[in-house]
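What follows is the residue order along each chain.
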Amino acid sequence: MTDLFAWISNALTDMQTAGQIATVIFFLTFCGILIYVFTGKHRKKRFDSYRYIPLDDEDGETGKEKSSDEERKGSADDGQQ
């Protein structure tokens, strides 16, 4: 068991081996995320429902607030009178 700890200690201090270990860990994590996202019908329906969230315009007052800010001539902060 101490040989295993010595090997892990040496592997983590050696930059080449540590890079290889990190690459394998990141690759396995990425594969796990892909499997999570692309499996399961219930999850797919939920993700498909999120597809158009950035394009939804539920609040009509947001546009009115922007137009009133654009019509503002100036303030003390920007130096215009």
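Residues numbered from 1 in each chain as written. Predicted model: local features only at pLDDT ≥ 70, side-chain atom pairs only at ≥ 80, totals over all residues. Heavy atoms only, no water.

Student: Explain the overall build of the chain to me, please; I cannot follow it from the model alone.
Tutor: Along its length, the chain carries 4 helices and 0 strands. Reading the secondary structure of the chain in the N-to-C direction produces α-α-α-α. Looking at the chain residue by residue over its 81 residues, the buried ones come to 2%. Of the roughly 7,800 Å² of accessible surface on the chain, 60% is carried by carbon and sulfur atoms. (Helix = DSSP H or I, 4+ residues; strand = E, 2+ residues; numbered from the N terminus. Buried < 20%, exposed > 50% of the residue type's maximum accessible area, 1.4 Å probe, protein only. Areas by Shrake-Rupley, 256 points an atom, 1.4 Å probe, with all protein chains shown as cover.)

Student: What is the right way to look at the pattern of salt bridges in this model?
Tutor: Any two side chains of opposite charge can pair, given that their charged atoms come close. Counted according to the given criterion, the structure contains 1 salt bridge. For the salt bridge of Arg51 with Asp48, the shortest nitrogen-to-oxygen distance reads 3.4 Å. (Salt bridge = Lys/Arg side-chain N within 4 Å of Asp/Glu carboxyl O.)

Student: Is there a simple way to explain the confidence of the model for the chain in this structure?
Tutor: Low-pLDDT portions of the prediction should not be read for the details of their coordinates. With 72% of its residues at a pLDDT of 70 or more, the chain has an overall mean of 75. Mean pLDDT values over the elements of the chain span from 50, in helix H4 (residues 61-71), up to 89, in helix H2 (residues 15-38). (pLDDT = per-residue confidence, 0-100.)

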